[in-house]
Amino acid sequence: MNATQEQLKLKFEQALVAAFGADFAGVDPILVAASNPKFGDYQANVALSLSKKLGKQPRAIASTIVEKLDVSEICEPPEIAGPGFINLKLKTAYLEAQLNAIQPDPRLGMPTAKTPQREIVDFSSPNIAKEMHVGHLRSTIIGDSIARVLEFQGHDVLRLNHVGDWGTQFGMLIAYLREVYPEALTTANALDIGDLVTFYRKAKQRFDADEAFQETARQEVVRLQAGAEDTLHAWKLLCEQSRQEFQVIYDLLNVRVIERGESFYNPLLPGVVEDLEKSGLLVENQGAKCVFVEGFTNREGEPLPLIVQKSDGGYNYATTDLAALRYRIRQDEAKRIIYVTDAGQSNHFAQFIKVARKAGWVPDDVELVHVPFGLVLGEDGKKFKTRSGDTVRLRDLLDEAIARARTDLELRLKEEERQETEEFINKVAEVVGISAVKYADLSQNRTSNYIFSYDKMLDLKGNTAPYMLYAYARIQGISRKGGISFEELGDNAKVVLQHETELALAKYLLQLDEVINTVEQDLLPHRLCEYLYELSKKFNQFYDRDRGVQVLNAEEPLRTSRLVLCDLTARTLKLGLSLLGIQVLERM
Ligand code: ARG
């Protein structure tokens, strides 16, 4: 709901009480956007819903409500239509006043959350010694955008990188490196991540084939868990190596995240198992400690347990998530925990969350949300791979996007016979390339799979980053052309709305708060993309030579008013894009 709708709702609630008595306090007026702009902006359907209760015709109820309804400051006189809808049309003077009020505000009139709270966004979370893959890219981009929206709303957001930095894979890797490349375990930067990934693969092959090696690897895990100095040192070096590589990606993407990996919760794992035991939820199954909760079965329909401790004493991914959950609730005092991973992990989240609830670890005022996303596919509709069939390195993927953006730009500069500095070209190529990758990801409903296509994401037309960035730069072009600075339009710059494209733009500008509120709730950033895309279309209609209005050549006071509309549109785009982690360009 936007601010206007909220005000109207309040007026309706007062009218309902005035018309039918205190029993009707809190009845929902069922206020929705008008189905057809011809009938106005909003319609209230409450009269139809009350017909049975009041034993009267909806139209009669509607007219009783309208008699008591005082919306004269906001709307034209309400009209009753059809079986008993109450149609509302916003007054132009009201819209003008709203725009004039948000104009000087850097937040564009966006309120902050009524009850700010601590929220955790668990995102990105790649695994040490493995390459970050496109799934982690999605998690990073989506998680960052969600965190940005929540921060903007005034929440106290903890951005956590739950990196996979613990577990049996380290025993394997360390045991292998001891044999083939011991320097890597004692000297910093002896490996780069590419080598590390290769060694990891070889260690795994060795592990699967050689029983004696399995035993050595296991002992290495025991040494690691016991804190043996040399093993611990080796582990730290390996983590540091991966960390540096991850940081390159975070820097390119301009994403901030605090590393708190699985190892952090390691000392808390025995406590999780003990407490499950105490609460009587633990069952021994072939030596493993398990918890059974309803609703989880394997393919044969047999109950599928959550294993919290394996028969060899080792702990699992889920055990760590249970420990992390308790820590985040008790120590971090989180009120909402948001996990951003691929949809393939949905069962994992559903199951351990159910176990935690059953154990009584989740207070009523804490919300746990898994934010799943679909796969990234190649243009052939299959899993995203390089031409030679290898997994795509994220570094290469981002570099490629930047390189292509640069080629596009250079071509355009040539066509437009423009000379630009190398610095300008580098900057534009980087912003466009990175934004294109981010926007392509965020503009899809995250729950579906999407096809990764450089050509599509870099297209200047359509719902793409270049289109949005261009819309912004074009508005800045108006101010350059007119030799005026939007910031200096001054306090007496007032909006006057006349033309229908102006009204449409004005109304749409005032809906930003509604979109941001929705994203805060449903955590679907594509809604914000849709809004921004629609906004730039509305702006283009307003600025269209034939269907729209004159701006720089208009007479006062319309000229100033229209410049204010341009400025408000640009600032809305800039703000919206910033919540998607996308930086704007004044010129491109
Ligand atoms: N490291 C995991 C992976 O690469 C993602 C971790 C997600 N967060 C969590 N709390 N389980 O799949």
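Reading guide: rules and limits
- Residues numbered from 1 in each chain as written.
- Predicted model: local features only at pLDDT ≥ 70, side-chain atom pairs only at ≥ 80, totals over all residues.
- Heavy atoms only, no water.
- UniProt positions renumbered as here; feature names shortened; annotations may be inferred.
- Axes fitted to C-alpha atoms, helices over the stretch in contact; angles between N-to-C directions.
- Helix = DSSP H or I, 4+ residues; strand = E, 2+ residues; numbered from the N terminus.
- Parallel < 35°, antiparallel > 145°, perpendicular 65-115°, else oblique.
- Left-handed = near helix turned anticlockwise from the far one by under 90°.
- Contact = heavy atoms within 4.5 Å.
- Buried < 20%, exposed > 50% of the residue type's maximum accessible area, 1.4 Å probe, protein only.
- Pairing = 2+ DSSP bridges.
- Near = heavy atom within 4 Å.
- Polar contact = N/O pair within 3.5 Å; in protein donor to acceptor, adjacent residues only side chain to side chain.
- Areas by Shrake-Rupley, 256 points an atom, 1.4 Å probe, with all protein chains shown as cover.
- Salt bridge = Lys/Arg side-chain N within 4 Å of Asp/Glu carboxyl O.
- Phe/Tyr/Trp six-rings, centres within 6.5 Å; stacked < 30°, edge-to-face > 60°.
- Expected span 1.5 Å × (residues − 1).

The protein chain appears in an unreviewed UniProt entry as Arginine--tRNA ligase from Dendronalium phyllosphericum CENA369. Of the comments in the UniProt record for the protein chain, the one headed Subcellular location (unreviewed entry) reads "Cytoplasm". On record in UniProt, under Subunit (unreviewed entry), the comment for the protein chain is "Monomer."

I'd like to hear about the packing of helix α4 (residues 92–102) against helix α17 (residues 500–509), residue by residue, with values.
Close contact between α4 and α17 brings their axes to 10 Å; oriented N to C, the two are set at 55 degrees. When the axes of α4 and α17 are compared, the pair comes out oblique. Where α4 crosses over α17, the two elements pack in a sense that is left-handed. Each of T92, L95 and L99 in α4 lies in contact with α17, whose residues at this interface are L503, A506, K507 and L509.

Tell me what's going on with the side chain of R562, and back it up with residues and numbers.
Tracing the backbone shows R562 in helix α20 (residues 558–579). Among the residues examined, R562 registers a relative accessible area of 7% and is labelled buried. Non-local contacts of R562, meaning those with residues more than four positions away in its chain, are made with Q498, E502, F542, V549, Q550, V551 and A554.

How would you summarise the sheet that holds strand β9 (residues 288–291) if you had to cite specific residues and measurements?
With antiparallel pairing, three strands are arranged side by side in an open sheet as β8-β9-β10. What marks the edges here is a single partner per strand, and that holds for β8 (282–285) and β10 (306–309). Averaged over all neighbouring strand pairs, the angle between strand axes comes to 45 degrees, with direction disregarded.

Any chance you could break down the sheet that holds strand β1 (residues 31–33) for me, citing the residues and the numbers?
If you walk across this open sheet you meet the four strands as β1-β2-β4-β3, and the pairing is antiparallel. Two strands lie at the open edges of the sheet, namely β1 and β3 (79–81), each paired on one side alone. Neighbour-to-neighbour, the strand axes of this sheet turn through a mean angle of 35 degrees, independent of strand direction. Relative to strand β2 (residues 42–44), β1 runs antiparallel, the two sharing three bridges. Counted as the bridge partner of V32 is Q43 from β2. Lying on the sheet, helix α3 (residues 58–68) is in contact with β3 and β4 (85–88); it crosses β3 at an angle near 170 degrees.

If you had to explain the site of the ligand to someone new, which residues and values would you point to?
Around the ligand lies a shell formed by D122, S125, N127, H136, H162, Y317, D321, Y339, T341, Q345 and F349. Backbone polar atom of S125 to a nitrogen atom of the ligand: 2.9 Å apart, as the coordinates give it. Measuring from a nitrogen atom of the ligand, one finds a side-chain N or O atom of D321 at 2.8 Å. Expressed as a share of its isolated accessible area of 350 Å², the protein-covered part of the ligand is 90%.

How would you sum up the pattern of salt bridges? Please name residues and give values.
For the structure on display, the rule yields 42 salt bridges. One salt bridge connects E240 with R243, and the closest N-O pair in it is separated by 2.7 Å. With E240 and R243 both in helix α9 (residues 229–253) and three residues apart, this pair spans about one turn of that helix. One salt bridge in this structure joins R260 and D332, with 2.9 Å as the shortest N-O distance. One end of the pair, R260, is in the loop between β7 (258–259) and α10 (269–278); the other, D332, is in the loop between α11 (317–330) and β11 (336–342), and 72 residues separate them in sequence. Each member of the pair, R260 as well as D332, is classed as buried. Salt bridges sharing partners connect three or more residues here, namely D144, R148, E151, R159 and R256.

Which residues make up the packing of aromatic side chains, and what are the values?
For the structure on display, the rule yields 17 aromatic pairs. The interplanar angle of 50 degrees and the centroid separation of 5.4 Å between the aromatic rings of F20 and F24 together place this pair among those described as tilted. Here the aromatic rings of Y176 and F199 are separated by 6.3 Å at their centres, their planes lie at 55 degrees, and the arrangement is tilted. One end of the pair, Y176, is in helix α6 (residues 168–180); the other, F199, is in helix α7 (residues 193–209), and 23 residues separate them in sequence.

Hey, could you go over the UniProt feature "domain: Arginyl tRNA synthetase N-terminal" (unreviewed entry) in the protein chain for me, with residue numbers and the actual values?
UniProt marks residues 6–90 with the feature "domain: Arginyl tRNA synthetase N-terminal" (unreviewed entry), using the numbering shown here. For residues 6–90, helix accounts for 41% and strand for 15%, while the C-alpha atoms at its two ends are 14 Å apart.

Go over helix α16 (residues 465–482) with me, naming the residues and quoting the values.
Given a rise of 1.5 Å per residue, 18 residues ought to cover 26 Å, and the 26 Å separating the end C-alpha atoms of α16 matches this to within 8%. Where α16 begins, the side chain of T464 points an oxygen toward the backbone nitrogen of Y467, at a separation of 3.2 Å. Of the residues flanking the end of α16, it is G483, one or two places downstream, whose phi is positive at about 60 degrees.

Could you give an account of unusual backbone geometry, naming the residues involved and the relevant values?
Between E556 and P557 the backbone carries a cis peptide bond, its omega angle lying at 5 degrees. Looking at the secondary structure, you find P557 in the loop between α19 (526–543) and α20. Positioned with a positive phi, S125 is a non-glycine residue whose angle comes to about 45 degrees. Here S125 shows up in the loop between β5 (118–122) and α5 (134–152). Located in the positive-phi region is N189, a residue other than glycine, with phi close to 60 degrees. With respect to the secondary-structure elements, N189 resides in the loop between α6 and α7.

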